[in-house]
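Report on the structure
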Protein chains: 2
Amino acid sequence: MQKLIYFFGEGPRNPTERSDLLGGKGAGLNEMTCLGIPVPPGFTIATAACREFLETNAWPKGLEEELKEAIKRLEKIMGRTFGHAKNPLLVSVRSGAKVSMPGMMETILNLGLNDETTAGLARLKSGSGKACLAATTFADDCYRRFKEMFTHVVGGAVPQNPWEQLKMAIDAVFHSWNTPRAKTYRRIHSIPEDLGTAVNIQVMVFGNRGEKSATGVAFTRSPSTGEKKFFGEFLMNAQGEDVVAGIRTPEPIEQLAKMLPKAYASLMEVQKKLEGHFSDMQDIEFTIEEGKLYLLQTRTGKRTAHAAVKIAVDMAKEGMISRADAIRRVNPLLLDQLLHPALDPDHGKPVIARGLPASPGAGCGKVVFESRKAFEAAQTGEKVILVRKETSPDDIDGMHAAQGILTATGGMTSHAAVVARGMNKCCVAGCGDIVVNLKAEKFVTKDGREVRAGDVITLNGTTGEVVLGAVATVPARIDDDFKTLLMWADEFSDLEVRANADTPHDAAVAIDFGARGVGLCRTEHMFFELDRIPVMQEMILSKDREARIRALDKLEVMQTNDFYGIFKAMEGYPVTIRLLDPPLHEFLPRKKQDIEALAQTAGLTYEQLRDLIESMTEVNPMLGHRGCRLMVTYPEITEMQTRAIMNAAVKAMSEGIETHPEIMIPLVGTVEEFTIIRDDIKRVADEILLPTPNLSYKIGTMIEIPRACLVASKIAGEAEFFSFGTNDLTQMTYGYSRDDAGRFIQQYRAAGILKDDPFMTIDQEGVGELVRMTVQAGRGENSMLKIGVCGEHGGDPKSIAFFHSAGLNYVSCSPYRVPVARLAAAQAALLDMETEIIPDVTVTEIKVKEKV
Amino acid sequence: MQKLIYFFGEGPRNPTERSDLLGGKGAGLNEMTCLGIPVPPGFTIATAACREFLETNAWPKGLEEELKEAIKRLEKIMGRTFGHAKNPLLVSVRSGAKVSMPGMMETILNLGLNDETTAGLARLKSGSGKACLAATTFADDCYRRFKEMFTHVVGGAVPQNPWEQLKMAIDAVFHSWNTPRAKTYRRIHSIPEDLGTAVNIQVMVFGNRGEKSATGVAFTRSPSTGEKKFFGEFLMNAQGEDVVAGIRTPEPIEQLAKMLPKAYASLMEVQKKLEGHFSDMQDIEFTIEEGKLYLLQTRTGKRTAHAAVKIAVDMAKEGMISRADAIRRVNPLLLDQLLHPALDPDHGKPVIARGLPASPGAGCGKVVFESRKAFEAAQTGEKVILVRKETSPDDIDGMHAAQGILTATGGMTSHAAVVARGMNKCCVAGCGDIVVNLKAEKFVTKDGREVRAGDVITLNGTTGEVVLGAVATVPARIDDDFKTLLMWADEFSDLEVRANADTPHDAAVAIDFGARGVGLCRTEHMFFELDRIPVMQEMILSKDREARIRALDKLEVMQTNDFYGIFKAMEGYPVTIRLLDPPLHEFLPRKKQDIEALAQTAGLTYEQLRDLIESMTEVNPMLGHRGCRLMVTYPEITEMQTRAIMNAAVKAMSEGIETHPEIMIPLVGTVEEFTIIRDDIKRVADEILLPTPNLSYKIGTMIEIPRACLVASKIAGEAEFFSFGTNDLTQMTYGYSRDDAGRFIQQYRAAGILKDDPFMTIDQEGVGELVRMTVQAGRGENSMLKIGVCGEHGGDPKSIAFFHSAGLNYVSCSPYRVPVARLAAAQAALLDMETEIIPDVTVTEIKVKEKV
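Bear in mind that the values here come from a model prediction, so they are computed numbers and not experimental data.

Turning our attention to the overall build of chain A. Counting its regular elements, chain A contains 34 helices and 31 strands. A compact globule built from 852 residues would reach a C-alpha radius of gyration of about 29 Å, and chain A, at 32 Å, matches this within 12%. Sorting the 852 residues of chain A into buried and exposed places 58% on the buried side. Total accessible area on chain A stands at roughly 34,000 Å², and carbon and sulfur atoms take up 52% of it. Measuring between centres, the 99 positive side-chain charges of chain A sit 6 Å from its 113 negative side-chain charges.

So this is what it looks like as structure tokens:
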């Protein structure tokens, strides 16, 4: 029979096996016990028991017997008896999955109390007079807490029989794996559904046992800034739940040194030991019972992106970890947080309140007071700030939907703070300056200002400020640690990272973020600008080729300047320019008054123009007359754009700016489309370049039509580069219109049909198969072929890992995603190094390669 | 140096090589010379010369020398000299490509005439008095014709130097390959662009040399009915162009027996010999010069579908060809002509004129008098009849666009008749009952009735009747020859042919045409009927699941009846039913008054319903919330349809009707979609079938999303059949919206980017690659997997050949296409047999297999 219960200190030694079996909390308790750190005795029911229970709705065979044995063993250790009226053993029952899910699972403290044992507990330590009274108060406090928690978690009345209590509590922990909020959390954080939770049963120690007792949580370094400084909060005479629940606002850990100096000294020693042992910042829970320190939990601490970067770089510099480890430690998606714009410090808008800077970044939106409303508003694209007294796990959906979260109570480790950091969302917590009135849907600041639902506020999660009105933002800045980490990352990467940039400004930002070129410059974005769209419209409404060419001549002047600016910003790096892609009707007005205005300018009647626009409208514009299909119809547009690109390049070169234009033809599905347009481009370009023979350029194509993948070898025989447009490729491979699929993609994910949103993370099985086929066929035909990707997936870490394994040369993403992509590319290369079979390289050599 | 000129009788013996080199006309002249049939001496300039000329714009090296040699040789044979004033050699110069393109290329007769040689020609045969006058008239007639033709074909003035005439004429023939009308013809008939034309230069014989001279064209069997009867027309004292041009109405060939009995007897002997030699019906041109017969051309005759079938079956029965040959002889696309409805014989509408039944079938539309207008009308979907005095190659586009063609002059072999038959379009030619006034845009019948542009007429191409007004049609009937041919075809086929049928009526038609089951029953078509759409709308507008189920219950009753009717019609054969596919918003109204009406019924305000419809509208409905995506959202629709199918099947079985339902899930892109919906269906179906265990059914899927092809092996592990939906698969693989791509597909074909319209003929390279991958992966996983196709391509012969080679089990097409598909499937199997390497089977065995 499978062993299902492990005493702390007796679990398996292999860390992965251990946490698979015992969950994160159980593994930590096990390890701490081994390290000789004071932990109240206890044991863990393995996750396998939960899995079997959820499947069969019954306890695994033998579990009850093992449980009885384990409790007996605890009784022996403690010299107390479970359910004994005079000398009762009390335990806590806590969930603990492999992956930490704060606040999502259930905890019951003080289990074993009933009317009898409560009296026993009081008697156990009572003297007479005041001490007797305190002991009774303490025991009653424990019993009250127990009954509240039990009722809340298990439901129904509390049985007097402690064994029944225990079994019901274990069942409740098992069931809590499948609550809607746990499922939501797992969906948001992509945690597998089939892990199950372990159950930790541990002798109670009491932080609420009077004035020498306390309870708290702490981090070995700052989870907010990463600063190498012990950081935490505690409450005197309290049980652990009080800190996390945000009911009382706790005191900073430094205060503990003054109040319980000996316990504080032990705590400092323990935290140092733990961080050293795990080589990572630890998030610990402790209780001090009448002056004695107990550790109740240790786990790798969640942290802000800023902290993650600083801790990783610091630890590598301190020699605790290798540079490769430092790179592996930082979740690239978290970096996004550092790259979002901050509030303009000189915004001049009134700061109406201040709270704790619980999760950095800035957020702006209309105030809502209900999570449901936040969720609904997000569905319609409206930006909101969720304001609550405090948050609870039921608020998950609303927090996810909001731009930021503001709570009136709770500390830096309150539910709101922890969850917001996990979601990479700005949060101001414990804002005692405001009083929230949910019913009246308003909050009032301490100077009496009322803010109602619908009013716009801005949160600064980095400073804790609440600002009335919408505040302008200033671009993100990369600090030195960040730069260091990315520099290290580049040393490991095989993939080059480029940026999608449509303007000289975008290009400059991209260069600042370390982009090695432009992978996608969308020329149509230039035409949507206010001063250009009339010229574009003039071109589209031209009655003949001559009139069209006159309009194109005007556009050419503008485009030449655009390209020149981008070439200048990207000096020395390649710039991939995609020729005009969208259907022409996108440039024409839809609203009646706009059509009337344009008709007047164009010398048409309203009816004529309306009919013309109607005749151009397409049933499925996504699959319509656009991309290279337009170029076949209107070669003069291609010629104009080619001239603009080449003249800009010639100008840049004449000023000594090294320029590498790469002209990209969109929406190619047949090699004939490519060659016809390529020949057009070449003819025009070569004529312009005649006096500048040292300027070389490339002509390539987007690979975004499934058919292009199927005839990739033919196209590769003609093209100099491929750039996967995985947005459109995903649309066509799945048959999902990105504009419409929102209706069912969420439902599909909930039903388990889709693991990820395929527009966020590339579908490796389907779309990815086309990518692999294309790379193989393309390189087989043309070994010099450069291959990249310029869809949204180019900035998604999971997708980047795939592109690395598929053998691409580069990824291109939005400028603010460039750092994310650089780090993800390095991680992909490191992962590859681990899984590669390298028979001829010794471990020493790899270490050298890792630049430790 | 490559030999470029071949004397008649001296070309290569291999028929393919010969016609590649010499073109069709040249090959025929060559062969006839070999057979000892009287042919005026001459030679052919090979097609290679034309190709080189078109590429380099210069004559190939050595051509001029060869030409001089060849003319010298002709001079020697005839004892005349080219350009000699007294004894001039005259020649014809005719184009002749490998593939016959009647009327498209250029011909010049009587070349070699100038002011001097014309006098010489007249003197050559002149006596005195009347004979002298006749000879002069004859010579002048020849010179006039020559000058007219030369001016028309070459352009500019006629040079006096016969060598210059000859070289210019040859140039003109070369150039004529690339006239717009030749290109149009090739595009319509899918003739390769790079064949080039040969040039035939032949000694003139004169059908216009007086009362014992004549010229004519004839067929060895009737090209219209296939009847085994020599069939033709001639003109006394005329040159060949007169017959074809339709200027004079010729006499039937039987008359020739009376007028020139000796020549007629020779002609009968020659035609018999030619048909026997070529084992096919021949189309011949002859000239009788002063009583002596000359053959000027023989080629396999074009024929109506009806004639093609009859000739093939007759010849097989006569033992001239094998049954396999008979099958190969008939172009499946031509069968379509036999399958189109004919006019209701009891229509009672006035027959206002009668002409020649030049091309069978029926056509109805508004009268237009200009080809351009016919073309424009077709663009907007309007049906027109093109009415002309006679047609010319410039009318190609208009003829193609019209429903039928009516001409006032010209015979059964006039341009209009030949081209209409080739286009499979009904035509009444030589209708002397009408007078066409192009300028006034009207025609007047002999009893004075005026028909103006825009009036509706109906043509009966089978009888030659012109009817005023629109006439009802009666279904096509399959005659015995047709049945025989298809019966033979089925013996060779590997592919099963099913029909797409949405109603019991469609199913019955399909069975009549030999379908072996229904490959696609589109259930939504049932919901679009007038009495059902309100219930469908009620279902869509349901406020909750309960209301939706109430509406679905009503639909279920209707659907059960539909399915029962189809099962009954298809007794014993499988019926594949596709569950609801289109997005729900397709069932809701678009027009204001319809929305108002529905809002009232549904108890909504106009604004509410309008907003609801707007919110359901999709940017790209093709890629939207439809197919299995709807079934995931609304499992109750799937359940209703499953109940309807199964209850109908149970009812049919209870009446002794053998039933094989196959339930098909549309738009599957992931195996999870399939299994979720499959499980839903199975649960409902198995409950209904509990009392009827002998009723088996299958659950399979459409393969129409590119991703489904990429994960085919997974889906094959769960599905019992695949049916390729090549319409949608083509849309997504190419990224072409079928509704929008018309804008550029024609342009793409003209530019050579697309060879065929990919919605007509499957794209073997791209979409076909997905089909091949899917078949391989699907069968690899599930060797029992049945695979078919139910897109439009299922009725296209070229596509059917591909599906055969890809190893599909069946094709499904519209009922009227079933015979086409059966024949195409047999041809594909035969082609496979030819190309297969069959090492163990002797030729005798193959003969047995062919059932000769």
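Let us keep going from here.
If you look at the interface, chain A gives 48 residues, while chain B gives 48 residues. In this assembly, chain A packs against chain B so that about 4,200 Å² is buried in total across both faces, 57% of it on carbon and sulfur atoms. Every element with two or more residues in the side of chain A that touches chain B is listed here: helix H23 (606-616), helix H24 (628-633), helix H26 (671-689), helix H27 (706-710), helix H29 (726-734), helix H30 (742-750) and helix H31 (767-781) of chain A. Classifying every residue of the side of chain A that touches chain B by side-chain character gives 22 nonpolar, 14 polar and twelve charged.

Here we take up helix H2 (residues 47-56) of chain B. Residues and elements named next belong to chain B. Restricting attention to buried positions, one finds in H2 the residues Thr47, Ala48, Ala49, Cys50 and Phe53. Elements in contact with the buried residues of H2: helix H1 (15-34), strand E2 (42-45), helix H3 (63-78), helix H6 (162-176) and strand E7 (197-203). One or two positions beyond H2, positive phi appears at Asn57, with a value near 60°.

When two helices pack together, their arrangement is given by the angle between their axes and by how far apart the axes lie. All names here are of chain A. Put simply, helix H11 (residues 305-318) and helix H17 (residues 480-492) touch, their axes get as near as 9 Å, and they point 65° apart. Considered as vectors, H11 and H17 are oriented roughly perpendicular to each other. Seen from above, H11 lies across H17 with left-handed handedness. The segment H11 lies against H17, with Val309, Lys310, Val313, Asp314, Ala316 and Lys317 engaging Asp481, Phe482, Thr484, Leu485 and Trp488. Here the residues of the contact of H11 with H17 sort into six nonpolar, one polar and four charged.

Further remarks concern the pattern of salt bridges. Counted under the stated rule, the structure contains 111 salt bridges over all chains. A salt bridge links Arg578 of chain B to Glu524 of chain B, with the nearest nitrogen and oxygen atoms 2.7 Å apart. Within this pair, whereas Arg578 of chain B is found in strand E28 (residues 574-578), its partner Glu524 of chain B is found in helix H19 (residues 523-527), the two being separated by 54 residues in sequence. Like Glu524 of chain B, Arg578 of chain B is buried. One continuous salt-bridge network, built from bridges that share partners, spans Glu370, Arg372, Lys373, Glu376 and Glu441 of chain A.

All right, on to the environment of Gly788 of chain A then. Inspection of the secondary structure assignment puts Gly788 of chain A in strand E30 (residues 786-789). When the C-alpha positions of Gly788 of chain A and Met702 of chain A are compared, they lie 9.3 Å apart, and in sequence the two are 86 residues distant.

A separate point is unusual backbone geometry. The backbone of Asn237 of chain B shows a phi angle near 45°, a positive value even though the residue is not glycine. Looking at where Asn237 of chain B falls in the secondary structure, it is placed in the loop between strand E9 (231-236) and helix H8 (240-245).

Our next topic: the packing of aromatic side chains. Residue and element names in this part refer to chain A. Applying the stated criterion across every chain, the model contains 22 aromatic pairs over all chains. Judged by centre distance (6.3 Å) and plane angle (50°), the ring pair of Phe219 and Phe231 falls under tilted. A residue pair is termed long-range when its members are at least 10 positions apart, and Phe219 in strand E6 (residues 214-219) and Phe231 in strand E7 (residues 231-236) qualify at twelve residues. Overall, the relative accessible area of 5% leaves Phe219 in the buried class.

All names here are of chain A. Pairing is mixed across the open sheet formed by eight strands, whose spatial order is E12-E22-E21-E14-E15-E16-E17-E13. The sheet is open, and its two edges are formed by strand E12 (351-354) and strand E13 (356-359), each paired on a single side. Looking at each pair of strands side by side, their axes are set apart by 30° on average, direction ignored. Against the sheet, helix H14 (residues 371-379) engages strand E14 (362-368) and strand E15 (384-388), with an angle of about 175° to E15.

Another aspect to go through is the relation of the copies chain A and chain B. The transform that puts chain A on chain B rotates by 179° and translates by 0.2 Å along the axis, for an RMSD of 0.3 Å. Viewed as a symmetry operation, the transformation between the two copies matches a two-fold axis.

Next up on the list: the nonpolar core. In this structure, Leu808 of chain A together with Leu808 of chain B are the most contacted members of the largest nonpolar core, which totals 244 residues. Each residue touching Leu808 of chain B, except ones within four places of it in the same chain, is listed here: Leu495, Phe724, Val771, Val775, Ile787, Gly788, Val789 and Phe803 of chain B.

Chain-level pLDDT for chain A is 89 on average; 95% of the residues reach the 70-or-more range. Interface confidence in the predicted complex, given as ipTM, is 0.78; pTM for the same model is 0.79.

Attention now goes to the sheet that holds strand E10 (residues 251-252) of chain B. Residue and element names in this part refer to chain B. Pairing within the open sheet is antiparallel, and its five strands lie in the order E10-E9-E8-E11-E12. The open sheet has two edge strands, E10 and strand E12 (292-300), and neither has a second partner. Bridge count for E9 against E10 is two bridges, and the pairing is antiparallel. Its bridge partner being in E10, Glu233 is matched across the sheet by Pro252.

All names here are of chain B. With respect to the helices and strands, Thr44 occurs in strand E2. Relative accessible area serves as the criterion here: at 0%, Thr44 is assigned to the buried category. Within the local environment of Thr44, its side chain forms a polar contact with the side chain of Asn200, the two groups lying 2.9 Å apart. If we skip the residues at most four places from it in the chain, Thr44 touches Leu4, Ile5, Tyr6, Phe8, Leu22, Gly26, Ala198, Val199 and Asn200.

Residue and element names in this part refer to chain A. Helix length check: H11, at 14 residues, gives a terminal C-alpha distance of 20 Å against a target of 20 Å (1.5 Å per residue), a fit within 8%. Within H11, ten of the 14 residues are buried, which leaves the element mostly enclosed by the surrounding structure. Within H11 the residues assigned to the buried category are Ala305, Ala307, Ala308, Val309, Ile311, Ala312, Val313, Asp314, Met315 and Ala316.

Bringing the side chain of Arg388 of chain B into the picture now. All names here are of chain B. With respect to the helices and strands, the residue Arg388 is situated in strand E17 (residues 384-388). A distance of 2.9 Å separates the side chain of Arg388 from the backbone oxygen of Phe369, its partner in a polar contact. Residues in contact with Arg388, not counting those within four places in the same chain, are Phe369, Glu370, Asp395, Leu406, Thr407, Ala408, Val436 and Leu438.

Residues and elements named next belong to chain A. Close contact between helix H2 (residues 47-56) and helix H6 (residues 162-176) brings their axes to 10 Å; oriented N to C, the two are set at 80°. When the interaxial angle is binned, H2 and H6 end up roughly perpendicular. Residues Ala49, Cys50, Phe53 and Leu54 of H2 pack against Asp171, Phe174 and His175 of H6. In terms of residue class, the contact of H2 with H6 is built from five nonpolar, one polar and one charged.

What counts, and at which threshold
Residues numbered from 1 in each chain as written. Chains lettered and ligands numbered in written order. Predicted model: local features only at pLDDT ≥ 70, side-chain atom pairs only at ≥ 80, totals over all residues. Heavy atoms only, no water. Helix = DSSP H or I, 4+ residues; strand = E, 2+ residues; numbered from the N terminus. Rg over C-alpha atoms; globule rule 2.2 N^0.38 Å. Buried < 20%, exposed > 50% of the residue type's maximum accessible area, 1.4 Å probe, protein only. Areas by Shrake-Rupley, 256 points an atom, 1.4 Å probe, with all protein chains shown as cover. Lys, Arg positive; Asp, Glu negative; His and termini not counted. Charge placed at Lys NZ, Arg CZ, Asp CG, Glu CD. Contact = heavy atoms within 4.5 Å. Buried area = accessible area lost by both parts, 1.4 Å probe. Nonpolar A, V, L, I, M, F, W, Y, C, P; charged D, E, K, R; others polar. Axes fitted to C-alpha atoms, helices over the stretch in contact; angles between N-to-C directions. Parallel < 35°, antiparallel > 145°, perpendicular 65-115°, else oblique. Left-handed = near helix turned anticlockwise from the far one by under 90°. Salt bridge = Lys/Arg side-chain N within 4 Å of Asp/Glu carboxyl O. Phe/Tyr/Trp six-rings, centres within 6.5 Å; stacked < 30°, edge-to-face > 60°. Pairing = 2+ DSSP bridges. Least-squares fit on C-alpha atoms with pLDDT ≥ 70 in both. Core = buried A, V, L, I, M, F, W, Y, C linked by side-chain atoms within 4.5 Å. pLDDT = per-residue confidence, 0-100. Polar contact = N/O pair within 3.5 Å; in protein donor to acceptor, adjacent residues only side chain to side chain. Expected span 1.5 Å × (residues − 1).

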